[in-house]
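# Overview (structure and organization)
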Amino acid sequence: MADTFKAVKGMNDILPPESSRWEHLEAAVRRVMQRYAYQNIRTPIVEHTPLFVRGLGEVTDIVEKEMYSFEDRLNGDPLTLRPEGTAGVVRAVAESNLLYDGPRRLFYTGPMFRHERPQRGRYRQFHQVGVEALGFAGADVDVEVILMARALWQELGLEGLSLELNTLGQPQERKAHREALIAYFEAHAEALDEDARRRLHSNPLRILDTKNPAMQTLVDAAPRLVDFLGEGSRRHLEQVCAMLDAVGQPYRLNPRLVRGMDYYNLTVFEWVTDRLGSQATVCGGGRYDGLFEQIGGKATPAVGWGLGIERILALMEEMGVQVDAGAPDVYAVVPDAQAWPQVMPALEALRAAGLKVQMHAGGSAGQGSFKSQFKKADASGARYALVFGSDELARAEVALKPLRDGAGEQRLLPLAGLAAWASELSAA
Ligand code: ATP
Ligand code: MG
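For clarity, every value in this text was computed on a predicted model and none was experimentally measured.

### Focus: the pattern of salt bridges
- Taken as a whole and judged by the stated rule, the model has 23 salt bridges.
- Measuring nitrogen to oxygen at the nearest pair gives 3.2 Å for the salt bridge that ties Arg 404 to Asp 378. Highlighted residues: Arg 404 in the loop between β15 (397–402) and β16 (411–414) and Asp 378 in helix α13 (residues 370–379), separated in sequence by 26 residues.
- Bridged by salt links that share partners, the residues Asp 61, Glu 64, Lys 65, Asp 195, Arg 198 and Arg 199 form one connected network.

Here is the structure:
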């Protein structure tokens with residue numbers, strides 16, 4: 001027997017009817033983006049590896065162990081499948097000087113790749129929607145992007161998502177905090193696990209992000225960044241809070257909230273749910289005023305977020321949100337292949353009038369019995385069966401048979417009147 005192929009572990013096919021849930025979500029995303037005047041950007045899935053190393057930070061989970069990297073077969077350039085969207089967008093915007101005539105509001109959707117242990121809500125190819133507001137320094141835009149996520153939850157009928165908020169201050173403030181942290185953890189070196197010891201000097205802030213329960217007490221008592229914040233950072237956070245209050249969006253200030261990439265400063269936030277187990281974060285983001293410079297561009301303030309489409313879909317499922325599976329309006333029952341030349345133009349007319357039409361296609365085994373065709377018509381979810389019987393066709397008519405409650409009575413339609421009927425139906 002020949003070998004059969006399976007999808008790569010952690011990378012999923014998205015098949016119907018599941019794919020209709022994806023389309024539903026993507027349509028909602030587009031509506032929200034338009035409402036906030038964000039424009040779509042599409043960047044390559046492959047980027048030069050140093051973009052991520054420099055952009056995300058050397059001592060991050062993603063760069064240390066999650067990237068799919070390989071060499072260009074011709075010149076040996078190190079390349080990487082994008083693990084997130086922001087670095088590529090910033091690269092593209094800087095490269096094409098897109099901010100030449102002012103700030104931009106952008107969004108993207110697409111696959112991301114991280115070599116993680118696959119589990120529910122955690123995959124190796126997963127999909128994100130992201131927004132990036134580039135060239136804006138004010139707290140107003142921080143709040144704008146936060147509210148866009150909220151608008152999306154509303155659009156999708158999702159409830160119970162809560163907002164966690166923190167500030168990471170400015171680099172100078174973080175530096176002072178970082179030194180205090182190192183001193184503190186050094187004084188408690190015996191209580192550190194291996195991971196923490198390794199990070200002590202490279203990235204002590206990440207120790208606060210530990211998932212090791214044995215280190216929790218130590219981490220809880222560590223020096224806090226708030227105590228190192230200057231006036232500007234404090235004000236920025238206050239402004240964010242005041243605007244969230246003004247729009248009635250509750251939030252929890254969480255001083256332990258740090259994010260997986262090094263590029264963030266000032267505002268950081270996460271939208272979390274208690275309904276997806278340990279994959280609780282559905283959307284995370286913040287301000288990254290230093291990233292443009294970090295990757296060689298002109299200093300540019302920026303803020304954005306990324307959300308995991310799989311996690312949003314899981315949450316929709318969990319909450320029982322129903323999605324239109326895209327059933328056809330009409331299923332064409334075609335008892336006899338002789339009718340094909342009359343069926344084709346009739347169905348094209350229905351589709352041109354905007355109806356969703358599924359044709360019964362019998363093929364070499366014949367058209368199949370009336371009964372089996374009706375079974376398929378019913379299973380398709382169509383509202384109507386349109387029966388192209390030879391007797392009716394001889395009189396230039398077709399039989400219209402409602403398949404669902406409320407779809408009216410069975411009747412005959414003149415072939416010539418099909419388009420008019422279809423227009424009526426799509427207008428209704
Ligand atoms: P986590 O802490 O769950 O690993 P993260 O901080 O690594 O998340 P981000 O890099 O901020 O996640 O990505 C934004 C969003 O993308 C996350 O909030 C999550 O919804 C989603 N996401 C991240 N990694 C994965 C993955 N491997 N599979 C599915 N979704 C993911
Ligand atoms: Mg992660």
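### Details of the sheet that holds strand β1 (residues 39–40)
- Spatially, the eight strands line up as an open sheet ordered β1-β5-β6-β11-β10-β9-β7-β8, and their pairing is mixed. Both outer strands of the open sheet, β1 and β8 (252–253), are each paired with one neighbouring strand and no more.
- As judged from the two bridges shared by β1 and strand β5 (residues 104–113), these two strands associate in the parallel manner. Paired with Gln 39 across the two strands is Leu 106, which belongs to β5.
- Together, β7 (162–167), β8, β9 (265–272) and β10 (281–287) form the strand contacts of helix α9 (residues 231–246), whose direction differs from that of β7 by roughly 160°.

### With respect to the UniProt feature "binding site: L-histidine" (unreviewed entry) in the chain
- When the UniProt feature table is mapped to this numbering, "binding site: L-histidine" (unreviewed entry) covers Glu 84, Gly 85, Thr 86, Arg 114, Gln 128, Glu 132, Arg 259, Tyr 263 and Tyr 264.
- By secondary structure assignment, the location of Gly 85 is in the loop between β4 (78–81) and α4 (86–95).
- A residue is classified by how much of its surface remains accessible, and Gly 85, at 5% relative accessible area, is buried.
- Every residue in contact with Gly 85, bar those within four places of it in the chain, is listed here: Tyr 108, Met 112, Gln 128 and Glu 132.
- Its location among the elements puts Thr 86 in helix α4.
- Since its relative accessible area comes to 6%, Thr 86 is described here as buried.
- Ignoring sequence-local partners within four residues, the contact set of Thr 86 consists of Tyr 108, Glu 132, Tyr 263, Tyr 288 and Leu 291.

### Quick word on the pairing of β15
- Across four bridges, the pairing between strand β14 (residues 384–387) and β15 is antiparallel. For Val 387, the partnering residue across the bridge sits in β15 and is Ala 399.
- Two strands pair when backbone bridges link them, and β15 and β16 are joined in this way by four bridges, in the antiparallel orientation. Residue pairing in the sheet places Leu 400 in a bridge with Arg 411 of β16.

### Focus on the nonpolar core
- In this structure, Trp 153, Trp 271 and Trp 305 are the most contacted members of the largest nonpolar core, which totals 48 residues.
- Counting residues in each nonpolar core, the second largest holds 43 residues, with Met 67, Val 258, Leu 291 and Phe 292 among its members.

### Observations regarding the domain arrangement of the chain
- Taken domain by domain, the chain holds domain 1 (18–170 + 230–318) and domain 2 (330–427).
- Computed from C-alpha coordinates alone, the two centres of domain 1 and domain 2 are separated by 47 Å.

### A word on the packing of aromatic side chains
- Across all of its chains, the model carries six aromatic pairs by this definition.
- A centroid spacing of 5.4 Å and a plane angle of 80° characterise the contact between Tyr 384 and Trp 421, whose relative ring orientation is edge-to-face. Residue Tyr 384 is found in strand β14, and its partner Trp 421 is found in helix α15 (residues 418–427); the two are separated by 37 residues along the sequence. Residues Tyr 384 and Trp 421 agree in their burial class; the two are buried.
- Aromatic rings pair up to connect Tyr 263, Tyr 264 and Tyr 288 into one cluster.
- Taking NZ or CZ as reference, Lys 401 lies 5.6 Å from the ring centre of Phe 374, over its face.

### Quick notes on the site of ligand 1
- Surrounding ligand 1, one finds 15 residues, the nearest of these being Arg 114, Glu 116, Arg 122, Tyr 123 and Arg 259.
- Here an oxygen atom of ligand 1 sits 3.0 Å away from a polar atom, N or O, in the side chain of Gln 128.
- Within the side chain of Arg 259, one N or O atom sits 2.4 Å away from an oxygen atom of ligand 1.
- Notes on ligand 1: free accessible area 590 Å², of which the protein chains cover 88%.

### Notes on the packing of helix α2 (residues 49–56) against α4
- Their axes nearest at 10 Å, the elements α2 and α4 cross at an angle of 105°. Overall, the two elements α2 and α4 adopt an arrangement that is roughly perpendicular. Contact residues: Leu 51, Phe 52 and Leu 56 in α2; Ala 87, Gly 88 and Arg 91 in α4.
- Split into classes, the residues belonging to the contact of α2 with α4 amount to four nonpolar, one polar and one charged.

### Remarks on the environment of His 115
- Relative to the assigned elements, His 115 resides in the loop between β5 and β6 (125–134).
- Sequence spacing of His 115 and Gln 125 is ten residues, and the spatial spacing of their C-alpha atoms is 8.4 Å.
- Apart from residues lying up to four places away in sequence, His 115 is in contact with Lys 65, Glu 66, Tyr 68 and Arg 124.

### As for the packing of helix α1 (residues 18–35) against helix α11 (residues 309–318)
- Here α1 crosses α11 at 110°, and the two axes come no closer than 11 Å. Relative to α11, the element α1 is oriented roughly perpendicular. Between α1, through Glu 18, Arg 21, Trp 22, His 24 and Leu 25, and α11, the contact on the second element is made entirely by Ile 309, Glu 310, Ile 312, Leu 313, Met 316 and Glu 317.
- In terms of residue class, the contact of α1 with α11 is made up of six nonpolar, one polar and four charged.

### Topic: the side chain of Arg 82
- Position of Arg 82 relative to the elements: it lies in the loop between β4 and α4.
- Buried charged residue Arg 82 carries no salt bridge. Nearest counter-charge: Glu 47, at 6.7 Å.
- Among the polar contacts listed, one links the side chain of Arg 82 to the backbone oxygen of Thr 43, at a separation of 3.3 Å.
- In this structure, Arg 82 is in contact with Thr 43, Pro 44, Ile 45, Phe 52, Thr 109, Gly 110, Pro 111, Met 112 and Phe 113, ignoring residues within four places of it in sequence.

Each value, and the rule that gives it
Residues numbered from 1 in each chain as written. Chains lettered and ligands numbered in written order. Predicted model: local features only at pLDDT ≥ 70, side-chain atom pairs only at ≥ 80, totals over all residues. Heavy atoms only, no water. Salt bridge = Lys/Arg side-chain N within 4 Å of Asp/Glu carboxyl O. Helix = DSSP H or I, 4+ residues; strand = E, 2+ residues; numbered from the N terminus. Pairing = 2+ DSSP bridges. Contact = heavy atoms within 4.5 Å. Axes fitted to C-alpha atoms, helices over the stretch in contact; angles between N-to-C directions. UniProt positions renumbered as here; feature names shortened; annotations may be inferred. Buried < 20%, exposed > 50% of the residue type's maximum accessible area, 1.4 Å probe, protein only. Core = buried A, V, L, I, M, F, W, Y, C linked by side-chain atoms within 4.5 Å. Domains from an automatic or database assignment. Phe/Tyr/Trp six-rings, centres within 6.5 Å; stacked < 30°, edge-to-face > 60°. Lys NZ or Arg CZ within 6 Å of the ring centre and 35° of its normal. Near = heavy atom within 4 Å. Polar contact = N/O pair within 3.5 Å; in protein donor to acceptor, adjacent residues only side chain to side chain. Areas by Shrake-Rupley, 256 points an atom, 1.4 Å probe, with all protein chains shown as cover. Parallel < 35°, antiparallel > 145°, perpendicular 65-115°, else oblique. Nonpolar A, V, L, I, M, F, W, Y, C, P; charged D, E, K, R; others polar. Lys, Arg positive; Asp, Glu negative; His and termini not counted.

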